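Listed here are the chains, written in short residue letters.
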Amino acid sequence: MADDLDIETVTEIFIRVNSAGAELSQADFAMSKIAVNETFGGNLLRKAIDYFCHLAVAPEFFPQIEKGDRDFATSEFLPHMRWLKDVNDDLYDPTYTDMLRVAFTSEFGRGRLQDLVALLSGRNFETKEYEEVIAGEAFGRLKKGILAFINKTHFERITMILRSAGFVTSALIRGGNAVNFAYIIYLRGRTEKLPPTDLERLVRRWYAMAILRGRYGASAELSMPISARLRYGVWCPTSRR
């Protein structure tokens, strides 16, 4: 997909591919948009997302990345995921869709990946125009969100919170969307500088209630509570709007 294609053309291609029977998601659309943009480092960001997801499942793959992809090995991303090479924990093995959703929503406060594609294209939602400066800012913020996602402390804390809530194996984790939103709440809470003990208690209770109520078992695009109330700086799943 050429980087200089406007968003309307790319959208038309996306629709036609879907109508031809090859189903693509908004995450696929976003990943394509990220990968082709070398101006703002999208090519390396795309690799960071793909490699992290792969290492979470197969940590033994790390030497192949370090030796086989010199461009990525010398980038700022690899040191942030080096810790994965010694981890064998399948409690939360995120996909690229999970990573995009958590990074985007925690950093931008939006829930639709369609909006991410528009922002990466430089869309100004007020003027309906496309501006290079907006695209640059969007790539910068998404990068910040991805780095927060792959941060060793953050990732280990969210899995610890899940375990402390009684979800000690991946077999007990039902509904990946609930885990993603729990991580979003955690990252937003960190940004708001909530006391760590309070934040972990709130995320733990939120996740347990979300699972008990089946609040996030459906499509994340439909279930994301954009207008949900914030309580103590985190989303409260009491509203079904």
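For the structure itself, consult the block above.
Predicted, not measured: the structure shown is a model, and the values here were computed from it.

## Quick look at the side chain of Glu-200
Position of Glu-200 relative to the elements: it lies in helix α12 (residues 196-213). The contacts of Glu-200, once residues within four sequence positions are left out, are Arg-157, Met-160 and Ile-161.

## Regarding helix α7 (residues 96-108)
In this model, α7 (13 residues) spans 17 Å end to end at C-alpha, consistent with the 18 Å of a helix rising 1.5 Å per residue. By the criterion of burial, α7 is predominantly enclosed, with 11 of the 13 residues buried. Positive phi shows up at Gly-109, right after α7, with a value of about 75°.

## What to know about the packing of aromatic side chains
One pass over the full model with this rule turns up 15 aromatic pairs. With 5.9 Å between their ring centres and 85° between their planes, Phe-52 and Phe-149 make a pair best called edge-to-face. Here Phe-52, found in helix α3 (residues 42-57), pairs with Phe-149, found in helix α9 (residues 132-150); they are 97 residues apart in sequence, far enough to count as distant. Here Phe-52 matches Phe-149 in class, with each residue buried. Here the aromatic rings of Phe-149 and Phe-155 are separated by 6.0 Å at their centres, their planes lie at 55°, and the arrangement is tilted. An aromatic cluster is present here, built from Phe-52, Trp-83, Tyr-92, Phe-149, Phe-155, Tyr-183 and Tyr-186 joined pairwise through their rings. The ring of Phe-125 has Arg-110 lying over it, and the distance from NZ or CZ to the ring centre is 4.4 Å.

Here is what the cut-offs are and how they apply
- Residues numbered from 1 in each chain as written.
- Predicted model: local features only at pLDDT ≥ 70, side-chain atom pairs only at ≥ 80, totals over all residues.
- Heavy atoms only, no water.
- Helix = DSSP H or I, 4+ residues; strand = E, 2+ residues; numbered from the N terminus.
- Contact = heavy atoms within 4.5 Å.
- Expected span 1.5 Å × (residues − 1).
- Buried < 20%, exposed > 50% of the residue type's maximum accessible area, 1.4 Å probe, protein only.
- Phe/Tyr/Trp six-rings, centres within 6.5 Å; stacked < 30°, edge-to-face > 60°.
- Lys NZ or Arg CZ within 6 Å of the ring centre and 35° of its normal.

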